[in-house]
Structures are given as structure tokens and as C-alpha cells.
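Residue strings, one per chain:
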Amino acid sequence: MAKHNYSFYPGCSSQKGASSSNQLRSTQTICEELDIQLNDIPDWNCCSASIGYAGGGELPRLALSARNIALSEQAHPDQDIVATCAACWLATREANDRLNENSGLLANTNEALKAGGLTFKGNKKIRHFVEILIEDIGYEGLKKPVTKPLEGIKIAGYVGCQTNRPFGIDGESFENPLYLDKLIETLGAEPVENYEKKVSCCGGALMFSEPEKSQALVKDIIESAYDGGADMIVTPCPVCQLNVEVYQEQINKKYGTKFNIPSVYYSTLMSVAYGRSAQDAALNGQVIRAIKLEEIAAKS
Amino acid sequence: MSEQYRNNFLREVEANVEEGEWVKRCMQCGVCSGSCPLGPHWEHPPQELFMMIRAGKRDEVLKSSSMWMCTSCYNCIARCPRELPITHIMHGLAHYAERLGLAPKNQQTNKFAQRFWNNLSKTGRVNELKLTLSFYFMNGFMAGVKMSLNMQKVGLGMLLSKRLNPFEILGGHGCKDSKGLQAILKKAREIEDAKIAKFQG
Amino acid sequence: MADKKKLGAYICKGCGISERLDIDELAKIAKSDGKVAIAKQHDFLCNSDGVKMIQADIDAGEVSHIVIAACSRRAKTDAFRFDNVAIARTNLREGVIWVRPDTEDAKETTQEMAEDYIRMGCAEVKFMTLPSASGEQGRVDHVLVVGGGFTGLTAALEIAKAGYLATIVEKTGALGGTAAQLYKRTPVRSPFADPQDNGIADLIQQIESNDKITVHLNATVSKTEGAPGRFNADISPDIGTKTFGSIIQASGFTPYDATQLPEFSYGKTPDVVDQLGLEALAKEANGGAIKRPSDGKEVKNVVFVQCAGQRSEKEGHLSYCSGHCCMTSVKQAMYFKDANPTVDAMVIYTELRMPGAAGEDFYRNGQDKGVTFTKGIVSEVVSEAGKVSVKFKDLILNEEVDLESDLVVLATGMVANSGIDSEILLTEEDEKTEEKAEEKTEEKTIIPIVPAESILNLEYRQGPDLPQLVNGFTDSHFICFPYETRRTGIYAAGPVRRPMDMAQATEDATGAALKAIQALENAGIGRAAHPRSGDLSFPIFRKEGCTQCKRCTVECPFGAINEDEKGYPQFNEARCRRCGTCMGACPVRVISFENYSVETVGQAIKSVDMPDEFDEKPRLLVLACENDAYPALDMAGMTRREYSAFVRIIPVRCLGSVNTIWISDALNSGYDGIILMGCQKGDDYQCHFVKGSEMAHYRMSKIGDTLQQLQLETERVQTYEIAITDMERVPKIINDMAATIEKIGMNPFKF
């Protein structure tokens, strides 16, 4: 039995062949290093993220998260629910908070859940994986497995929106959270100081429906990373990672920029610093290759 | 029928829109509008929507494209001095407008969000490939091909990095108990419908 | 006492003074130049042993006048308080060693600085006499409260609770004033959710059952004369003259006359009311549905128009905010919502001003009850064919709206019942006598409907009522005079002082009650009121030298000086604040205080050892106001900011007390430059004595001619406005003057 056990909510985009499968891969790697075991919630469903609202009303969306929590309550009664995806964490935690605060909503939700043979009890804590790292392991603990410090790499810690607002990580400010910078330092790399777009929005799901407007936002995020002298951007959020990474060519075409900056998950960064292979760090999942990390991973 | 600067529409919003009971608490400082990443693209920023609701402008609010500009970044929530759950109210207004059939036709975010919901509520999980293709092809085959070509490089990159699985189109992921899930969603929808019907008398 | 002055100097060696200065030399100078009989040194003068040493000499009758050469006069005031001796403080610490570098180069000039301060202290104390109360004072434990509204009642009750007597004079036939007309008042306790009972009935009951309080209804004050401790007030009709220790003026306000707002149809239709009009409707409804005046139908929707005729520069409007009206409109909107939540109640505002935590919570509660708040500007209220509609621009939606409404409430402002504006009387008189102090740069705003009847009918040289600050309110100064007015022993409280609501009026009344008690207690023992509280000295004048020029009676910022039938000044020392503005004004120098006079300062100025012209050691004189400038200089020392060793600083009570003779004496004695440091003057003055700094600036503006006649450069005399926070600026001013002197050369009048 591992030292730290959690009821894990992987989320749709972490599935095999999906957009953040590389996050899951590298997360599993660091879990091995940190003696963390993630136990999947059996038969979990989509949280509907933030964008499901057009079709799904308040109650159906709450019911989706309530179902996941109820399943976790059954399968892992003593474990906190943990998510790696910002949207999954946010939707689940919001649902949990609101159902616990609002007895009317709770009654209606449970009435709906009954149709699927489930009940929401509401005694779970919903946590982000980063919270696990900071609160349960701690920066000291996170430093221990570092065998290949990421020396000489300057990284823009892009926190984005939903791992930051409205709940925040570790009680930090919404306007300038520092946990990602601290993590970068813990791994031996150098954070970009005063990264101006640290908590700016990448457009989220509107990258599909409003590509021009969203790409304008991403352009600023990348530009400001370059301004800070960054070699790469690191982020905890699957949507941020994707939006910042894969549209660079389109942005270059539109704005005449020459962007080509890797955007990686913190878990990839940690895997490399922990001395794991490029495969384990999911570096092969990069659309824009993180050469500097590949080089370190290749070193024996 | 809603009269100007009377409370009818506000009461409707309070009853039927997610977190709608907060609307009257807005003190018109405008911090939300100034904090929105797509602020300049809103026909009416949140602050204005709240005032329009209080001014009884039912059609103008519900037919507006404004709420569909929300990226769910939660900046407005984090900064609102009155602690209004603005993001949720925007989602709630958008949903209510769509539900009443008042939301603007051809609103891209609406269409995407609708497809997202349809996609997930069918199997319980989102199939990214089907979602993307259904969105790109929603305006017909030729438009879809054009859009896909535009996005070809993006897709190729994702494919090469094994983050887009072409075999997903044949089925892919889903909940085992999708029947149970659908029953839950159906029941939840019924409860909401009953509530709205009751308000409308 | 004056004939047997025995001088002693006590020099402290602590706080590093002895490491930086030659103390033996200082003691020697005290004896040789300062002519003291005793000059003692002590390692730690302010400790019990040092204090004991001084006290022993006093007790033994060895000394009657002492110089304490240690730290600033603002430090160690408790340790160095000795009874029955005149005391001068010489500032060797903040004024010398802390503002000079500890270098070999600087040693000589620093020592010279200290030696001069010893000479100055000795010269000053030599010309002081021990102040004692005049015997003119009276003591009456009875406060006159003018006005029987909420503020006056609260003040009277507070006075009675503290054990003193109070008499209320109320013009109308009933107590309670405006507050009694309110259906309910805004809440004063958390959660600030609902309007609460106005509390007036209970207050009146408490007043009537209190045997320390006398009430005169249908009465006015037809004449007031005297001073704190001995005010005589004639109460008309038929009550006669009564004596009081102090006075509280709680004469309240008059609601702005809404008929001056024809654009809002007030007076054209009964369905447009002001806030008091709405209170009457609410009282009538008594918790039920409020009825429309025109047809008695239930009001289904109501619009509140904020800032009606106020915060506006239009002619006939009030330029200021009346403070309470936003809260009041929220409260009144709640009257409707509490009776029937389906009534639409809308408040149209440009800025909603809900002060304090109470205000914010009350606002939120108003929103929760469903009151609609619309940011907008109302241009017109139209009354046609029995219908009323409000035309406004919604500033959020940026559109013009025409909204029909059952009832419109105008939030109009408060006009102070201040009585007669003495300044206007004075200005008229000044124009006649060509004694105008300073050109009025701004036109005085004349409030259209101020009742021109006097409230107090003061028999004062400077007018029958309290001076007004701005907009007709009888405020004084919020920083320097909390609750004070410019008439000692008379305190304004409530909306006559500034616009306010009942919660603020409660505090105001309580504050004024405490001040009134303090004033009559002080008057009883001849002590000054704020800011020189405790000072026993008072102005003395030599009648035989007086030319009846009336400058002192006109310039006294507190109206303390009357004139007798021959035009000689009559000093009412209980009215005096001891600023010395009269002393500074007197062209023949017949006014002085026992412990502060033309001589004490003049002799100090002349006592310095003046180097000759070729010594390259100029001398600069600073006359610094003891309220702000001197503390700023002390703080410069505390923070070790250096300034020129050529400067000699003398604290003065107020720049207004600076007599121009000191300037000519200084120039004649060979000073090369003179700096006057006073407080901010003008409309937003910070002068602790209101007019002192302004008077000084005016007087100094005339000294330029004199300088030119003497063929001296005008730069040699400069006047500055200093704030207490100017610790960085004051050293710079001194150093700049030193540089100026270097440039223009030494004063040729050295000898």
C-alpha cells in the first residue's frame, strides 16, 4: 500500500488517445517517485466542464459531479477526491460546495441521483493534484527525488484561470499566485519573475468557437513569456497547455510572429528532474518538442 | 410581459436562472466588465446585463450574444466586491435563453456548448474527436472540410503526439452505466422543467 | 515676585549631549552671559535624581526662574514640570547635537549653537513672570443648550448624566425637532436590516423626568454676553437672564425649499414630495400601504430622486452633499417594500453614499428587499393630467428613460440654522474702514434661504453668532478643533455644524456635551481651552500706551476682545485661547502674557553672540510655530537630518503672535536672514488659531517696504507654511536660506 492514497478523477481529456493523456502519463511517473497511489473512481463520468451549460441546466450539471462524488463515496470512502484537470477539479468542487450549502439543491440532486441508484452524502474533500503535492508532500518532499536539477532553464509559470480562481491553491492570491514559481525553483530551474500573463485567460473552450479572439489572448501569453526570457512555459491545466502549445503556427501566420515555445505540464518537468526517461515524462506527447528537457532526460 | 424598471423580469431571473437571486446585489462598479478577457467583445458586459435585468429588458438580455462570450475564467468572480457568482449567472442566463429558444441563432459558442453537452450526455464522457468534427461540420460538409483543412496541422500534431486517436470515431470511451447516467440527467431536467413551468404559472 | 528673580540653569549631560558639547563652557556662559546665580550639570537630568536636584533648589528658595538645557520643550514634559517657578527650555538635543554631524570640523559651530541657545534661554526666562489666574473667572455648573431637537436633547441628557445642569431653549412649542417628524430612523445596530423607531418619545420622557434639566418651549435667546464660566443669557419671553458656564448650539437645519426646483414639479402636484413629506405619508400609513396624496390610492411604484437641488453648481442649488439623504432614501424605500414587497421602489442616484459599515450593510439589505438602484441623472419630473413621470438618463445603459410613477420623492438637502454670518458683517465693516486684512479671492457662497435671525445674539465685538466655515455651517476645523468653534465655550453640534444623520448627531451631541463641561471646568480655574489647554497666562495690556487702534479686537480669531465705550480693548480671558495674535498685532506693543511677551522673545533674539561681518559666520533666525513647525523641526532632529549650524530657532505660540518689532530687532542685531514657519493658511487652513498664520503672512508681506528702505534684500525675510509632517522640508528651507545669504552677502548692520 502506498503512503498517500486518493480517489482519483482522471477526466475525459486524460483518456488514452485524448488531448491530455500526456499529463496522466507524467503524473503517474511522479506518483511512483512520491509514493502516491491514485485510485480511479469506478465508472466516472464527464463533469461537463464549464462549457456544458448550453445544453445542461444547473441541476443536470450538478448531478453529473454529484454522481462522481457518490461513486467515490462508495468505492473509496476514506480518500479525498483528487483531479489533475483544472476543469474537473473546479466543477467537482463547486458542485460539492454548493450541494453542501444549499439544501434545496441537495434534495433535488439526490432525487435525480436516485434514478441512477445513487446518493450524494457530501462528506468528501475535493482537491487538486497540486494541492496534494504542496500540502501533503511539501516543497521539501518534492525536492528529495530530484536527481537532475533543471539548471539553466528559464520557465514561465503559467497558472491560468481555473487552477487559480475562484478557489486558489494553498491560500495564495488570485492576482499573483506563486506556487508554480516555487515548484520551478524546487526543481532547480529559474522562474520568470513578474510573468505578466501568469493568470490571464487562454480562451478556454472558446478556442473552438471564437478562435480569433482566443488566439489573440494566447498570443499575449506567449509574447509575455518570451519577454521574460523564458525557454518554455509550464502549466497545471490541460486546456491552457493545449491552447498555448498547438496554435502557435496559426498565430505566427496571422500576426507574423515566430513563436515556437514548448508548453509543458509541471508533471513532465518533475518527471525529468526526478531522472526519469523521456517516455515516462511524456515528452513524446509534445507537439512542440521540449528539446532542453529531452537533453536532460537523455543524460545518464 | 415585462415593463421597464419594474421587477417582473428580475423576479423571473431570480426564479429560473442559476444564481439569479444575486443579480439585485450588483452595485454597478464595473469591475467585472473591466476584468473580462473578452470584455471588448461583449455586446453588453455583465454590469450592463445586471442593470438591463433590473430595467426589465427581457428580450434584449436573453437574445444577446453577450453571455456566450464568457470563457469561464472566473476573473469577475474573484474580483467582484459584492461577491456575485458572475460566471455562473452568465452561464445560467445563456442556458435559460437557449432553453426558451431565444438565444441568437448561429452563435458559435452556443453551438459548440450544445454539441459538447450532447456528446457527453450520450455516453457519459466526452469524445474529443467526435466533438471537434461535429462542430467543424455543423455548417455542412464543405464548410467542415474547409475548417478541417485550416486545422489540419493542429490535428496532425495532436495525432503524432498520440493525443488524438482516429479510432475514437468508431466508438471509444464511455461510462459503463450510461443508462443510469442518462436516467439521472433526465430526472434532473424534469425537476428543472417543473420549476420553470410553475413560475410561468 | 518679579522683583526677586533668582535664576538657575540646569544642564543635562545625558543622551550624548556631554560627548558632543563642552558642558563646562556652557555652564560658564550661563553664569557670565546669562547671569544665572546657579549653573548645575547632571548626567541624567530627567531621572528622579536630576529632578530632585532641581526641586531641592526650588524648595530652598534658591531659584525662582530656571533654564532647563536638555531636550526639546516637547520632550519629558512630565519630568520637567515644576510648580511656582518660571521655566525656559533650551533644546540641546533635538535642536543641536541631533541636527549636526559628529565631526571635528563641525565641532566649533555646533558648540556655538549650544552656547547661543543657553544665552537665549537665560534671556527669555529673565523676562518671564509666573502666570497665575486673574481672579476674573467664574464657575457655573450649568450648560445652556440652544435647540430642543434630537441633538440638543441628547446633549442635555449627557450633561445631566455627568452631573451638571442643563437648560434647553426651544423655539417651537414641542421638543424633538425634525427627528420627531420621522416615521422611523435608519438602524444603528447590526445587522442594519430594518428601519427602527425614531426613539424621540423615549428621549423626551427621559428629559422631562430628569431634574437636572430645565426646558423652555416657545423661547429664544435674545442676548448672550460674558465668557465661559460666566455667560449671561436672556431667555425670551419672560424667563429673564440666567448664568451659564458654557453653551451648546444645536439649532439644527432647515430643509431646502423644494419649490426652488420647478423642474421637478414640486408644488405642482402633491404626488411629488420631499423626504420629510414622505415621512408624513409613512406616519399616516403607520406600517400599512402608503397612499398617494392626490387620490388616496395605494402607491404601486415610487421613484426616489437623489441629490435633488444639491451637489449642484446651478444657481439656487446647494453645492454640497447633505450626507444622510442616500441612507434616508433606502430607509424610505424599505417603508414600501416592508409593507408590500410587490411595490416597485427605485432609487436614482449618481453616486450612492452609504457611509460606514452600517451604510454598506443597509444598502445591501435594501437590495435584498428588492429596492432597485439605478445610476442615473433625473432631468425632469413631469406632472400632466394627474400622472407623474420621471425623465432620466440611465448612466449604465446610456439611454433616456421616461418612467411613469405613482409617487416621486425628492432627496433635497440640509441648510444650516447658523444665524447671522459675522464674516459678512465684518467684511462690510472692513470695507468701510479700509482695514481689510487680505483680498478675498473667492466670492462667498451665500445660501439662499439662511434664516437671517440671530440664534445667540452675542454681545461680541465680532458679531452676534458663531463664525461659519463653509456653506453656512458653523464648523470650525476638523483636525485642529474637534467639536470646537471659534467662540470659546460655545459648541456647535448636529446639522448646524455640518450635514449629518441621527447616528452622527448622537456622537456630535455627546462630544459637544463633554467639551462644554470641560470648558466650564477650565473657566472655573482660569485655564485655557484647546489647544493651549491648561495655560494660566492671559493677555495683559498697558492701557496708558494704547492708541485704541482696534487691531486686537478685530484680529482676535476667537472674538475674545470687546471694546469699551472709549474704544479700549476689553479682554475676556476665559474666551481667550492664548495664541498671542493680539500681541503680534499691537503696533505699540502694550499687550503681553506673563510667560510670553515681546520682551521674552525679543531679548532671546538679541542675546545671541553675533559674529562680526568678516567672520563668515552668518546668523539665521527661525520663528517657528510651536504647533506644527517646531515639532517638524524636532522630528528632523529625531531622524538625524542635518541643517546649518548658523540657525537659531525660537518657538512661538502662533505665527500670529509674531510682532514685527522682532523682525526689525533681529535685523538690527545683525541677523542675516529670518524665516517664519507657520501653519497652512487659507480656506483649508491648519492654523491651530484659525487666522494666526494668515495674519502673519499678511503682516510680513508689508515688511518688504521696510527692508527696501533699509537697503536690505527682501529675500532676507521669508515666510513658509509648514505641516507637522514636513521633517524633510524644514532642514532644506534652513539650508536654502544659508545658501541665499552666502549669495547675497552678510547683513551690513552687524556691529
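Keep in mind that this is a model prediction, so the values were computed, not measured.

With respect to the sheet that holds strand β19 (residues 387-394) of chain C
All names here are of chain C.
Reasoning step 1: Ordered by their spatial adjacency, seven strands build an open sheet running β15-β21-β16-β17-β18-β19-β20, and the pairing between neighbours is mixed. Pairing within the sheet leaves two strands with one partner each, and these edge strands are β15 (272-274) and β20 (399-405). Pairwise comparison of adjacent strand axes, ignoring direction, gives a mean angle of 35° for this sheet.
Reasoning step 2: Pairing of β19 with β20 involves seven bridges; the strand directions are antiparallel. Looking at the pairing, Asp394 lines up with Glu399 of β20.

Some words on the interface of chain B and chain A
Reasoning step 1: In this assembly, 55 residues from chain B lie in contact with 55 residues from chain A.
Reasoning step 2: Breaking the side of chain B that touches chain A down by element, the ones donating at least two residues are α5 (75-79), α6 (86-99), α7 (108-123), α8 (128-136), α10 (152-160) and α11 (178-200) of chain B.
Reasoning step 3: Residues that form the side of chain B that touches chain A fall into these classes: 24 nonpolar, 18 polar and 13 charged.

Concerning the domain arrangement of chain B
Much of the literature gives interface size as the accessible area that the parts lose upon coming together.
Reasoning step 1: Along its sequence, chain B is organised into domain 1 (8-105) and domain 2 (108-192).
Reasoning step 2: Just the C-alpha atoms count here: the centres of domain 1 of chain B and domain 2 of chain B sit 27 Å apart.

Some points on the arrangement of the chains
Reasoning step 1: Taking contact number as the criterion, the leading pair out of two pairs of chains in contact is chains A and B.
Reasoning step 2: Taking C-alpha atoms only, the smallest gap left between chain A and chain C, which are not in contact, amounts to 18 Å.

Things to note about the nonpolar core
Reasoning step 1: If you look at the biggest cluster of nonpolar residues, it comprises 271 residues, and the most contacted ones within it are Ile248(C), Val305(C) and Leu410(C).
Reasoning step 2: Judged by nonpolar contacts, the second largest core, of 108 residues, contains Phe80(C), Phe541(C), Cys552(C) and Leu621(C).

Notes on the environment of Leu180(A)
All names here are of chain A.
Reasoning step 1: Within the secondary structure layout, Leu180 lies in helix α6 (residues 179-186).
Reasoning step 2: Judged by the 27 C-beta atoms lying within 10 Å of it, Leu180 falls in the buried class.
Reasoning step 3: Separated by 86 residues in sequence, Leu180 and Tyr266 place their C-alpha atoms 8.1 Å apart.
Reasoning step 4: Excluding its chain neighbours within four sequence positions, the residues that come into contact with Leu180 are Gly157, Val159, Val234, Pro236 and Tyr266.

Conventions adopted
- Residues numbered from 1 in each chain as written.
- Chains lettered and ligands numbered in written order.
- Predicted model: local features only at pLDDT ≥ 70, side-chain atom pairs only at ≥ 80, totals over all residues.
- Pairing = 2+ DSSP bridges.
- Helix = DSSP H or I, 4+ residues; strand = E, 2+ residues; numbered from the N terminus.
- Axes fitted to C-alpha atoms, helices over the stretch in contact; angles between N-to-C directions.
- Contact = placed C-beta atoms within 7 Å.
- Nonpolar A, V, L, I, M, F, W, Y, C, P; charged D, E, K, R; others polar.
- Domains from an automatic or database assignment.
- Core = buried A, V, L, I, M, F, W, Y, C linked by C-beta atoms within 7 Å.
- Buried ≥ 20, exposed ≤ 12 C-beta atoms within 10 Å, placed from the backbone.

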